[in-house]
Number of protein chains: 2
Amino acid sequence: MAGIERIRNVAMRVRREADAGNQVLVVVSAMAGETDRLVQLCREAAALSDAREYDVVVASGEQVTAGLLAMTLQNMGVQARSFMGWQLVRASGIHGNARVDAVENALLDEALSAGTVAVIPGFQGVSDDGRLATLGRGGSDTSAVAIAAGVKADRCDIYTDVDGVYTTDPRIVPRARKLDAITFEEMLELAGVGAKVLQPRSVGLAMREKMPLRVLSAFEDRPGTRVVEQLSGADMERNAIAGIAADRNEARITLTGIADRPGTVAAVMSPLAQAGIAVDMIVHAATGGAQASDLTFTVPRASLDQAQSAIEKLRSEIGYAELLTDDKVAKVSIVGVGIRSNPQLAAMMFETLAERNINLLAVTASEIKVSALVAEDQLELAVRVLHTVFGLDSPAKSDGAAK
Amino acid sequence: MAGIERIRNVAMRVRREADAGNQVLVVVSAMAGETDRLVQLCREAAALSDAREYDVVVASGEQVTAGLLAMTLQNMGVQARSFMGWQLVRASGIHGNARVDAVENALLDEALSAGTVAVIPGFQGVSDDGRLATLGRGGSDTSAVAIAAGVKADRCDIYTDVDGVYTTDPRIVPRARKLDAITFEEMLELAGVGAKVLQPRSVGLAMREKMPLRVLSAFEDRPGTRVVEQLSGADMERNAIAGIAADRNEARITLTGIADRPGTVAAVMSPLAQAGIAVDMIVHAATGGAQASDLTFTVPRASLDQAQSAIEKLRSEIGYAELLTDDKVAKVSIVGVGIRSNPQLAAMMFETLAERNINLLAVTASEIKVSALVAEDQLELAVRVLHTVFGLDSPAKSDGAAK
């Protein structure tokens, strides 16, 4: 029942878009709990299952929603029909984690031109071998973007369980503010450092396809956040910094007294890459004249022990004095397209943290992001002071709707 | 959970067939309760739904079973894969009640030749317009027969919730016996008059395609009933009568004093046909010299009122004295290929019923069936005495396994 109510809710939004004269194409996910139920059935059937059969089972969840939404729309007087993933979406790659290769436009264009709302199950397509293939985590978002790009849609609206992208985690900063607009790059950096609104894969695809997104609440009817290629017009007045990201999933390794010669960093990183450990921050400031220096980097906290033993095995080859670890660290980042043009922003970040006596254990920077590794117990303070100093606090506490 | 256990049970039978060196193709239905759940979702979404969208929703049940059975088989070490209805089965006709037109053999043959067990969702195919189409009631049986015929299988085993076809309803005659073999014609007559083991549509298709069937229990591992074109060998020794059918869904209408001229029967039947009422037995013995006679026929009990008013509206056109109805009637039938060659069997039926003072309200006969309409309160007695006189009682009470 909860499922059908939500489908009706979606149908009403779709009708509004159709009534406004838009050609509408809807990509749907499975009803709440349905994918979990199907995954559980697969687990009961076989501990380790053929991904192609797994795809057959779990893809049915979105298929059911597509049929139900189409009939709900028809029942509301909206001309609508469902299409199946195998009729439209060509996918390739690994079953259970496939990529969208192409969207069959002809069928869709015909329906859309006739004023029919097209309803498509997300998360799936048909593979080269003619079988159902699912797209892996975040697949419904990714299908939506791929299909929107395929039909050259004006924009792609993504309905989620949050009502937009916030300047930071509202659990840390109650005065966090919903952003009107954010760029793809900023969104990717925010997603990469902890904001879990959209799967990075769907944002990356939207960026490549230059497909403007809107992140909206599936439950409430209020403006969300636009995700765009470049800020323009009124959005330009937005703060230079889009948001502050916090990430506790960090552990630090420092190797002291390593030889200051070419190949040392590679000698450390290669065994980690072979072990499938993603290294995040890397700080290695060669001191020039000195014979030896320190190398500091971070790994996901759960991989710390594995990383440590991988390096210790190669101690003689790498050559270092001591291996120091610290898993009570966290990363705070400022993200914003303004960083590119204004070097003062990074300086402002360091000064603000210094004023509060927050020690920087490591620092890295990209074009639109500056990250600092700090002691974990100083993370929340760091996020709050940066949120304030970069002008991101909303005027009234918890007023997410304020500009 | 119950669902997965049943799937394992099916998988073990499939493995046994595959281990015996057979090429095996399995057509599956939805898990218990699943189709009802999906139908209910459709009802909640829209009181009256587009059959094509309904098909998208309900077809998912069989799809899930197909994936789960394939992975269960693989887990047992059996080479297996699922195919989808849209990959193999071309269907035409009305959505929600489509017919199987053709089965794509090439894909299947390739898999079967490679020793792979093919698992196919029943009840569905792809329509001419490229959309999912379901086959309507009993559709999984029908797909199984159609697909078996498409690949020229040696036989088609149908697993049901009964363990075979019985000589009559065991609730009426505890000594009813499971038949080793029955012909398609007999099965159709038994199905048409009340035995609900297989959908008549699947039997009709098997007869047309000359595809031998076996009706087996999905729960117990024991011999079922073979359904064949002609009895041969040991089966020839079977009784001339295969079974006794009982049908309470009858109501009788008698028109007295109708004009004994051409067109009178048609004048009665046409309005009933237009109202969608299926007339079953029709008895009209023109008396020759007389100016008027009686017409007796039966309709489904639930249609009696509707039939009566349809006829009364046309009273002046038809021309009859009285319209008499009786909804306390029932039909008892003997069914068997022996009837064709032995006219004594019908006589034996009438004599047996007369000995018990069972009055015959109407009688009809086809090549392999003789039916008598009797008072409903005499139905069970009629079935029991006929079951005994035609030698159908099992030697020991309730011993279904006895020959």
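Rules used in this analysis
- Residues numbered from 1 in each chain as written.
- Chains lettered and ligands numbered in written order.
- Predicted model: local features only at pLDDT ≥ 70, side-chain atom pairs only at ≥ 80, totals over all residues.
- Helix = DSSP H or I, 4+ residues; strand = E, 2+ residues; numbered from the N terminus.
- Buried ≥ 20, exposed ≤ 12 C-beta atoms within 10 Å, placed from the backbone.
- Contact = placed C-beta atoms within 7 Å.
- Least-squares fit on C-alpha atoms with pLDDT ≥ 70 in both.
- Pairing = 2+ DSSP bridges.
- Axes fitted to C-alpha atoms, helices over the stretch in contact; angles between N-to-C directions.
- Nonpolar A, V, L, I, M, F, W, Y, C, P; charged D, E, K, R; others polar.
- Domains from an automatic or database assignment.
- Expected span 1.5 Å × (residues − 1).
- Parallel < 35°, antiparallel > 145°, perpendicular 65-115°, else oblique.
- Left-handed = near helix turned anticlockwise from the far one by under 90°.

A word on the overall build of chain A. Looking only at helices and strands, chain A has 15 helices and 17 strands in total. Counting only C-alpha atoms and orienting by the principal axes, one finds that chain A spans roughly 75 × 55 × 35 Å. When the 403 residues of chain A are sorted by exposure, 45% land in the buried category. Looking at chain A alone, contacts between residues at least 24 apart form 73% of all its contacts between residues at least 6 apart.

At an RMSD of 0.3 Å, chain A and chain B line up after a rotation of 179° and a shift of 0.0 Å along the axis. Taken together, the turn and the small shift mark the pair as related by a two-fold rotation axis. Scanning chain A for the C-alpha nearest the rotation axis identifies Ser60(A), at a separation of 2.6 Å.

Residues and elements named next belong to chain B. Reading across from one edge, β8-β10-β11-β9 is the order of the four strands in this open sheet, with mixed pairing throughout. Lying at the two open borders of the sheet, with one neighbouring strand each, are β8 (156-160) and β9 (181-183). The sheet shows a mean angle of 25° between the axes of neighbouring strands, direction not considered. Relative to strand β11 (residues 225-228), β9 is paired through three bridges, and the arrangement is parallel. Bridge assignment links Thr183 to a residue of β11, and that residue is Val228.

Next up on the list: helix α3 (residues 51-58) of chain A. Summarising burial for α3(A): seven of the eight residues are buried, a large majority. Considered for burial, the residues of α3(A) that qualify are Arg52(A), Glu53(A), Tyr54(A), Asp55(A), Val56(A), Val57(A) and Val58(A). If you follow the buried residues of α3(A), they end up packed against α2 (34-45), α4 (60-75) and β7 (132-134) of chain A together with α4 (60-75) and β2 (80-82) of chain B.

Looking now at the interface of chain A and chain B. Facing 31 residues of chain A, the contacting portion of chain B comprises 31 residues. Secondary-structure elements contributing two or more residues to the side of chain A that touches chain B are α1 (2-19), α2, α3, α4 and α5 (85-88) of chain A. Among the elements that make up the side of chain A that touches chain B, the one with the highest residue count is α4(A) (eleven residues). Of the residues assigned to the side of chain A that touches chain B, the class counts are 18 nonpolar, ten polar and three charged.

Another point: the domain arrangement of chain A. Under the domain assignment, chain A is made up of domain 1 (2-154) and domain 2 (244-389). Each of domain 1 of chain A and domain 2 of chain A has a C-alpha centre, and the two are 41 Å apart.

Residues and elements named next belong to chain A. Compared with the 16 Å implied by 1.5 Å per residue over twelve residues, the 16 Å span of helix α7 (residues 139-150) between its first and last C-alpha is a close match. Most of α7 is tucked away, with eleven of its twelve residues classed as buried. All of the buried residues in α7 are Gly139, Ser140, Asp141, Thr142, Ser143, Ala144, Val145, Ala146, Ile147, Ala148 and Gly150. Just downstream of α7 lies Lys152, where phi reads positive at about 50°.

Sheets are built from strands that pair by backbone hydrogen bonding, the pairs being arranged parallel or antiparallel. Residue and element names in this part refer to chain B. One open sheet accounts for six strands, arranged β13-β14-β12-β15-β17-β16; its pairing is antiparallel. The two strands at the open ends of the sheet, each matched to only one other strand, are β13 (282-283) and β16 (362-366). Pairing of strand β12 (residues 243-259) with strand β15 (residues 322-335), which is carried by eleven bridges, proceeds in the antiparallel orientation. Directly across from Asp247, in β15, lies its bridge partner Lys331. Set on the sheet, helix α11 (residues 304-313) makes contact with β12, β14 (292-299) and β15; between it and β15 the angle comes to about 130°.

Closest axis-to-axis distance for the α4(A)/helix α3 (residues 51-58) of chain B pair is 7 Å, and the angle between their directions is 155°. Judged by the inter-axis angle, α4(A) sits roughly antiparallel to α3(B). Considering the relative orientation of α4(A) and α3(B), their crossing is left-handed. Facing α4(A), whose interface residues are Gln63(A), Val64(A), Ala66(A), Gly67(A), Leu68(A), Ala70(A) and Met71(A), α3(B) presents Glu53(B), Val56(B) and Val57(B).

This part covers the pairing of strand β11 (residues 225-228) of chain A. Residues and elements named next belong to chain A. A two-sided burial pattern is seen for β11, the buried positions comprising Thr225 and Val227 on one face and Arg226 and Val228 on the other. Bridge count for strand β10 (residues 213-217) against β11 is three bridges, and the pairing is antiparallel. Counterpart to Val215 in the pairing with β11 is Thr225.

It is worth spelling out unusual backbone geometry at this point. All names here are of chain B. The phi torsion at Phe123 lies on the positive side, around 80°, for a residue other than glycine. Residue placement: Phe123 occurs in the loop between β5 (117-121) and β6 (124-126). We classify Phe123 as buried; it has 30 C-beta atoms within 10 Å.

Residue and element names in this part refer to chain B. With respect to the helices and strands, Leu112 occurs in helix α6 (residues 105-113). For Leu112, a count of 18 C-beta atoms within 10 Å gives the class partly exposed. Separated by ten residues in the primary sequence, Leu112 and Gly122 place their C-alpha atoms 18 Å from one another. Discounting residues that sit within four places of it in the chain, Leu112 has contacts with Gln23, Leu25 and Ala118.

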